[in-house]
Amino acid sequence: MLVRAITAPGLRRWCRSQRSAAAACFPLGRALLGVRGADAAPFLQGLLTNDVTQLVAAGDAPPALYAHALNVQGRCLYDVILYRLHGSSAEEPHILLECDSSVLDPIQKHLKLYKIRRKVTIAPCPELSLWAVIPGEQPGDASSLPKCADQALLLTPDPRAEVMGWRLIAKKGANLSEIIPGSQVGDVQDYHRHRYKQGIPEGVKDLPPGVALPLESNLAFMNGISFTKGCYIGQELTARTHHMGVIRKRLLPVAFPELPPGSGIPEGAEILTETGKRAGKFRAGRGELGIALLRLAHAAEPLCIKLGGDTVKLSAATPEWWPKAAPK
């Protein structure tokens with residue numbers, strides 16, 4: 001499987017603006033699933049929130065798309081990133097699907113349930129490795145970051161937000177220092193802390209299957225939904241919520257002034273205001289950083305979580321990368 005690496009001049013300029021001397025490459029535990037065949041795009045089009053036909057369009061097709069697979073009630077089942085592996089619209093469509101590794105079997109069953117008579121093959125790709133590449137913060141010239149990308153299967157901007165850097169796909173055992181000169185392999189826990197600081201959900205802990213709603217999870221802010229494509233599973237509630245224009249709760253990054261006691265904050269713990277009003281629920285976190293579903297009316301207030309006899313204080317913030325017109 002030979003695919004030209006993909007670089008982005010806009011992302012390169014962004015890296016220069018960060019004055020980053022080195023990038024950190026984080027090995028991700030996410031699974032990769034290949035969806036290949038003439039019907040790959042229309043097949044996925046009816047199952048995902050984004051317009052997958054963009055990946056097989058002629059001309060300047062995007063290299064990657066973010067999307068959710070929803071259940072019939074319009075709640076998130078799986079968060080995925082799709083990658084275009086075919087080089088042009090003349091080639092057989094080959095789309096790589098990134099998902100939480102813990103749902104690899106369920107998502108395969110989900111896809112195969114709707115595969116009826118489609119010219120599509122669906123198979124895991126254990127021979128590939130997935131990396132997140134985050135620019136560093138030390139002074140220096142980052143213009144060299146994409147130069148050796150031809151040794152990667154795919155190097156592309158993370159489609160969710162600029163602050164998340166790149167997604168890199170290579171064969172297992174690839175030498176990262178040859179692909180991105182001067183890069184360092186980082187602790188994946190630091191990657192999760194970075195995305196929690198930015199309020200980027202990823203995986204089943206942040207987006208509980210059958211519980212999380214796509215618009216409350218900021219799917220529109222992360223370029224993960226098309227409101228003009230045709231029908232897909234779960235569209236009705238999502239479209240109605242969007243057109244009503246009222247979203248009272250959103251996922252927000254939260255921070256604790258002190259490390260939470262013991263084993264940390266349990267997933268789903270109730271968050272209260274100082275006056276005892278229910279403000280939302282904690283989803284997941286690392287150390288003093290996390291992500292929570294909060295009522296926007298209380299997001300700017302001092303917040304707390306009751307753990308046994310202890311009161312754990314926390315605060316929420318509005319991510320800088322959100323659209324400027326987004327509700328605060």
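Only a predicted model underlies this, so the values are computations on that prediction, with no experimental measurement involved.

Undergrad: Whenever I open this one, the sheet that holds strand 9 (residues 166–171) confuses me. Can you help?
TA: Either a parallel or an antiparallel arrangement is found when strands of a sheet pair, and the pairing is made through backbone hydrogen bonds. Pairing in this open sheet of five strands is mixed, and the strands run 8-9-7-1-10 from one edge to the other. One side of each edge strand has no neighbouring strand; the edge strands of this open sheet are strand 8 (154–157) and strand 10 (184–185). As judged from the six bridges shared by strand 7 (residues 128–135) and strand 9, these two strands associate in the antiparallel manner. The residue of strand 9 that forms the bridge with Val133 is Trp166. Against the sheet, helix 5 (residues 188–198) engages strand 1 (23–27), strand 7 and strand 9, with an angle of about 105 degrees to strand 1.

Undergrad: Would you mind showing me how to read the pairing of strand 5 (residues 94–99) here?
TA: Within a regular strand, the side chains alternate between the two sheet faces. For strand 5, the buried fraction is high: six of the six residues fall into the buried class. Burial of the side chains of strand 5 extends over both faces: His94, Leu96 and Glu98 are buried on one face and Ile95, Leu97 and Cys99 on the other. In terms of strand pairing, strand 2 (residues 31–36) meets strand 5 through six bridges, oriented antiparallel. Pairing of Arg36 across the sheet is with His94, part of strand 5. By the bridge criterion, four bridges tie strand 4 (residues 76–84) to strand 5 in an arrangement that is antiparallel. Looking at strand 5, one finds that Leu82 is bridged to Leu97.

Undergrad: Sorry, what's going on with the layout of surface pockets here?
TA: It is the rolling of a water-molecule-sized probe over the atoms that shows where space remains empty. Quantified by volume, the second largest pocket comes out at close to 460 Å³. Arg195, Tyr196, Lys205, Ala284 and Arg286 are the residues nearest the centre of the second largest pocket, which is lined by 27 residues in total. Of all the secondary-structure elements, those providing two or more residues to the lining of the second largest pocket are helix 5 and strand 13 (278–286). Ranked by residues supplied to the lining of the second largest pocket, first place goes to helix 5 with five residues. The residue makeup of the lining of the second largest pocket, split by class, is eleven nonpolar, eight polar and eight charged. When residues are assigned to domains, the lining of the second largest pocket turns out to be shared by domain 1 (23–198) and domain 2 (248–321), each giving three or more.

Undergrad: So what exactly am I meant to see when it comes to the side chain of Arg283 here?
TA: Here Arg283 shows up in strand 13. Buried and unpaired, Arg283 has no salt bridge, with Glu216 as the nearest side chain of opposite charge at 5.7 Å. Among the polar contacts made by the side chain of Arg283, one reaches the main-chain carbonyl oxygen of Asp206 at a distance of 2.8 Å. The residues contacting Arg283, other than those within four sequence positions of it, are Lys205, Asp206, Leu207, Pro208, Ala212, Leu251, Glu267, Gly268, Ile291, Ala292 and Leu293.

Undergrad: Mind showing me how you'd approach the packing of aromatic side chains here?
TA: Within a pair of aromatic rings, the relevant descriptors are the distance that separates the centres and the angle that separates the planes. Applying the stated criterion across every chain yields a total of three aromatic pairs. Ring geometry for Phe26 and Tyr191: centres 6.1 Å apart, planes at 40 degrees, overall tilted. Here Phe26 is found in strand 1, whereas its partner Tyr191 is found in helix 5, with 165 residues between them in sequence. Here the two residues Phe26 and Tyr191 agree in accessibility, since each one is buried. Ring plane angle 65 degrees and centroid distance 5.9 Å describe the contact between Phe256 and Phe282, whose orientation is recorded as edge-to-face.

Undergrad: Looking at this structure, I do not really get the pattern of salt bridges. What am I missing?
TA: Once the charged atoms of two side chains with opposite charge are near each other, the side chains can pair. Taken as a whole, this structure holds 13 salt bridges when the rule is applied. Two residues, Arg36 and Glu92, come together in a salt bridge whose shortest N-O distance is 3.1 Å. Residue Arg36 is located in strand 2, and its partner Glu92 is located in the loop between strand 4 and strand 5; the two are separated by 56 residues in the primary sequence. The partner of Arg160 in a salt bridge is Glu202, with the nearest N and O atoms 2.8 Å apart. Of this pair, Arg160 sits in the loop between strand 8 and strand 9 while Glu202 sits in the loop between helix 5 and helix 6 (235–244), placing them 42 residues apart in sequence. Comparing Arg160 with Glu202 shows no difference in burial state: the two are buried. By sharing partners, the salt bridges in this structure join Arg30, Asp79, Glu98, Asp158, Arg160, Arg167 and Glu202 into a single network.

Undergrad: What is the right way to look at the environment of Leu32 in this model?
TA: Turning to its location among the elements, Leu32 is positioned in strand 2. Relative accessible area serves as the criterion here: at 6%, Leu32 is assigned to the buried category. Put simply, Leu32 and Glu98 are 66 residues apart on the chain and 4.7 Å apart in space, counted from C-alpha to C-alpha.

Undergrad: What's the story with helix 5 in this structure? I'm lost.
TA: Among all positions in helix 5, only Tyr191, His192, Arg195, Tyr196 and Gln198 are buried. Down the axis of helix 5, the buried set is contained in an arc of 165 degrees. They therefore lie on one face. In this structure, the buried side of helix 5 is in contact with strand 1, strand 7, strand 9, strand 11 (249–255), strand 13 and strand 14 (289–295). Here helix 5 starts with a cap whose side-chain oxygen sits 2.9 Å from the backbone nitrogen of Gln189, and that cap is Asp187. Looking one or two residues beyond helix 5, the residue adopting positive phi is Gly199, at roughly 75 degrees.

Thresholds, definitions, all that
- Residues numbered from 1 in each chain as written.
- Predicted model: local features only at pLDDT ≥ 70, side-chain atom pairs only at ≥ 80, totals over all residues.
- Heavy atoms only, no water.
- Pairing = 2+ DSSP bridges.
- Helix = DSSP H or I, 4+ residues; strand = E, 2+ residues; numbered from the N terminus.
- Contact = heavy atoms within 4.5 Å.
- Axes fitted to C-alpha atoms, helices over the stretch in contact; angles between N-to-C directions.
- Buried < 20%, exposed > 50% of the residue type's maximum accessible area, 1.4 Å probe, protein only.
- 1 Å grid on protein atoms, 1.4 Å probe; cavity = no way out; pocket = protein on both sides within 12 Å on 5 of 7 lines; lining within 4 Å.
- Points joined across faces, edges and corners; volume = space filled by probe spheres on them.
- Nonpolar A, V, L, I, M, F, W, Y, C, P; charged D, E, K, R; others polar.
- Domains from an automatic or database assignment.
- Lys, Arg positive; Asp, Glu negative; His and termini not counted.
- Salt bridge = Lys/Arg side-chain N within 4 Å of Asp/Glu carboxyl O.
- Polar contact = N/O pair within 3.5 Å; in protein donor to acceptor, adjacent residues only side chain to side chain.
- Phe/Tyr/Trp six-rings, centres within 6.5 Å; stacked < 30°, edge-to-face > 60°.
- Arc of directions from axis to C-beta.

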